[in-house]
Amino acid sequence: MESSADVIVHALLAAALGGLIGLERQVSMRHVEGSLAGMRTFSLYGLWGLGSAWLGSEFGPAAFAVTAGAFGALIVAEYVVVGKQGATGTTTEAASFVAFLVGVLVWAGFQVAALGIAVGVAALLQSKVWLHGRISAFSGADMRAVLRFGVLTAVILPLVPNRFMGPFEAFNPFQVWRMVVFVAAIGLVGYIALRVLGPRGLGPTGLVGGLVSSTAVTLGFSRMARKKPELSGALGAGILAASGLMYLRVLIWAIALAPALARVLVVPLVGLFFIVEGVAAVVWWRATKRDDAAPDFEIRNPVTLTSALQFGLIYAVVVVAAKGLVDRVSDASLSIVGAISGINDVDAITLATSNFVAEGSVGTAAGAAAVMAAVAVNTVVKGVLATGIGGRALGRVVAPVLAIAGVGAFGVWLWFA
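Here the structure is a predicted model, which means the values were calculated and not measured. (Residues numbered from 1 in each chain as written. Predicted model: local features only at pLDDT ≥ 70, side-chain atom pairs only at ≥ 80, totals over all residues. Heavy atoms only, no water.)

Concerning the overall build of the protein chain
Along its length, the protein chain carries 17 helices and 0 strands. Taking all 417 residues of the protein chain together, 48% fall into the buried category. For the protein chain, the computed accessible surface area is about 19,900 Å², with 70% contributed by carbon and sulfur atoms. (Helix = DSSP H or I, 4+ residues; strand = E, 2+ residues; numbered from the N terminus. Buried < 20%, exposed > 50% of the residue type's maximum accessible area, 1.4 Å probe, protein only. Areas by Shrake-Rupley, 256 points an atom, 1.4 Å probe, with all protein chains shown as cover.)

Okay, here's the thing in structure tokens:
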């Protein structure tokens, strides 16, 4: 049995949380003709929810149903009245029901949840202009990409058989497709970040684009440098930022799949990013901010069925080749596959090696050597691409830094080997 003091405290909290939502509505809708509900009204909505929950606890579910139904009738009537005055939309009515729910939660003892919901809803309502601006940057193709990712994850993945087969019993379709989902997820995050934040300069764009593909950023920016050599400094900063983020992406894979591998890689990878490429990217970006124009190239959406199948095939080949060398030769031979894989990308060998280490079929040192072999080769390849495609001006910015990073990565590779 609640004491009178407890009831009063609960009532004050329900009114305050409902009023918080109402305050946002009152401020946001002050210029909208026909707006009825504000801070006072929403405070009463919160109290109504609290009172309904109290009646339900005292007199049974029927009492709660009657009072909740009366509240619903009131909101419907308000919607009809406001609609006749020319206002459209149901946001305020939906917020009214949330205020009612907050009151119910307060009485039920979920005060922290009620507080979180009230604050979250008020923040969501307040972000209308920002959200509409960000959403306007999305196209139908972007929405289809999100849905395709949902299909890859929620539809296809559960249907893929989870058993080892093929040469050396190395091929597991479920594991292959799970790696496809991982890569598609982080690529989609980077792509959405670019779409939401927009191309706010070449350096930041390269950094976020590195989540999608540091190789794609290198190729795109190198082509721009060929056409606009005066932007080589800013473009080089973007390439270095994207290439540096590759190290953190590798670390994320290791943390997710093989924490033991991540522990031995964290120092060299973070060091390469922050000490070498990160510093160089910031220096060049700050030195060329006046020339830091918005990029006129577009990173394509990474989530397509074709790209998923391509990565799945590459990953499967890398897994089978790596498993065969490990079984027939030694753990150290895994570095051969790592070096070859690094010519194209580092994701496949990193994911495969992380799984091997997690399973115990490959030692941590051998796994770290294979990953660093791929990182070293990929870093050098990007330097060659930038210099060969972008020209001397871009090469002077990018090549020395990537050469230092590549030598450092090779040194770490030899250390683990």
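So, the packing of aromatic side chains
Following the criterion strictly, the structure yields 8 aromatic pairs and no others. Members of the aromatic cluster, joined through ring pairs, are Phe-42, Tyr-45, Trp-48, Phe-64, Phe-71, Phe-97 and Phe-100. (Phe/Tyr/Trp six-rings, centres within 6.5 Å; stacked < 30°, edge-to-face > 60°.)

What about the packing of helix H10 (residues 214–227) against helix H16 (residues 364–390)?
In the contact formed by H10 and H16, the axes pass within 8 Å of each other and the chain directions differ by 20 degrees. When the interaxial angle is binned, H10 and H16 end up roughly parallel. For the pair H10 and H16, the sense of crossing is right-handed. Only Asn-378, Lys-382, Leu-385, Ala-386, Gly-388, Ile-389 and Gly-390 of H16 make contact with H10, whose side of the interface consists of Ser-214, Thr-215, Thr-218, Leu-219, Ser-222, Arg-223, Ala-225 and Arg-226. (Axes fitted to C-alpha atoms, helices over the stretch in contact; angles between N-to-C directions. Parallel < 35°, antiparallel > 145°, perpendicular 65-115°, else oblique. Left-handed = near helix turned anticlockwise from the far one by under 90°. Contact = heavy atoms within 4.5 Å.)

A look at the environment of Tyr-79
Among the secondary structure elements, Tyr-79 is positioned in helix H3 (residues 61–84). With 14 residues separating them in the primary sequence, Tyr-79 and Glu-93 have C-alpha atoms 7.0 Å apart.

A short note on the nonpolar core
Within the largest apolar cluster, 58 residues are counted, with the highest numbers of intra-cluster contacts made by Tyr-247, Leu-261, Leu-265, Met-372, Val-375 and Val-398. Those elements giving two or more residues to this core turn out to be H10, helix H11 (232–257), helix H12 (259–287), helix H14 (334–342), helix H15 (347–359), H16 and helix H17 (392–416). The leading source of residues in this core is H16, at 12 residues. Sequence-distant contacts of Val-375, that is, excluding residues within four places in its chain, are made with Met-246, Tyr-247, Val-250, Val-346 and Ala-409. By size, the runner-up hydrophobic cluster in this structure holds 22 residues, among which are Ala-14, Phe-100, Val-106 and Trp-107. (Core = buried A, V, L, I, M, F, W, Y, C linked by side-chain atoms within 4.5 Å.)

Focus: the packing of H14 against H16
It is at 7 Å that the axes of H14 and H16 come closest, and there the two elements cross at 25 degrees. Here H14 is positioned roughly parallel relative to H16, judged by the angle of their axes. The chirality of how H14 crosses H16 is right-handed. On the side of H14, the interface is formed by Leu-334, Ser-335, Gly-338, Ala-339 and Gly-342, while H16 contributes Ala-366, Ala-369, Ala-370, Ala-373, Ala-374, Val-377 and Asn-378. Within the contact of H14 with H16, the residues separate by chemical class into 8 nonpolar, 4 polar and no charged. (Nonpolar A, V, L, I, M, F, W, Y, C, P; charged D, E, K, R; others polar.)

A closer look at the side chain of Ser-335
Of note, Ser-335 is situated in helix H14. A polar contact of 3.3 Å, which involves the side chain of Ser-335, links it to the side chain of Trp-413. Not counting chain neighbours up to four residues away, the residues in contact with Ser-335 comprise Ala-369, Ala-370, Ala-373 and Trp-413. (Polar contact = N/O pair within 3.5 Å; in protein donor to acceptor, adjacent residues only side chain to side chain.)

With respect to the side chain of Glu-93
Relative to the helices and strands, Glu-93 is located in helix H4 (residues 91–108). With relative accessibility at 9%, the residue Glu-93 sits in the buried group. Once you skip the residues sitting within four places of it in the chain, Glu-93 turns out to touch Ile-75, Glu-78 and Tyr-79.

Looking at the environment of Leu-394
Along the chain, the position of Leu-394 falls in helix H17. Exposure remark for Leu-394: the relative accessible area of 0% places this residue in the buried category. Each C-alpha atom of the pair Leu-394 and Ala-234 lies 9.3 Å from the other, and the pair is 160 residues apart in sequence.

With respect to H4
The end-to-end C-alpha distance of H4 is 26 Å, a good match for the 26 Å that 18 residues give at a rise of 1.5 Å each. Listing the buried residues of H4 in full gives Thr-92, Glu-93, Ala-95, Ser-96, Ala-99, Phe-100, Val-102, Gly-103, Val-104, Leu-105, Val-106 and Trp-107. Among the residues trailing H4, Gly-109 stands out with phi positive, at a value near 95 degrees. (Expected span 1.5 Å × (residues − 1).)

Points about H16
Helix length check: H16, at 27 residues, gives a terminal C-alpha distance of 38 Å against a target of 39 Å (1.5 Å per residue), a fit within 8%. Within two residues after H16, Gly-391 carries a phi angle of roughly 95 degrees, on the positive side.

Thoughts on the environment of Thr-67
With respect to the helices and strands, Thr-67 occurs in helix H3. The exposure class assigned to Thr-67 is buried, which follows from its relative accessible area of 16%. Between the C-alpha atoms of Thr-67 and Ala-53, which are 14 residues apart in sequence, the distance is 9.0 Å. Ignoring any residue separated from it by four or fewer positions in sequence, one finds Thr-67 in contact with Trp-48, Ser-52 and Leu-55. Within the structure, the side chain of Thr-67 is placed 3.0 Å from the side chain of Ser-52, a separation counted as a polar contact. At 3.0 Å, the side chain of Thr-67 and the backbone oxygen of Phe-64 are in polar contact.

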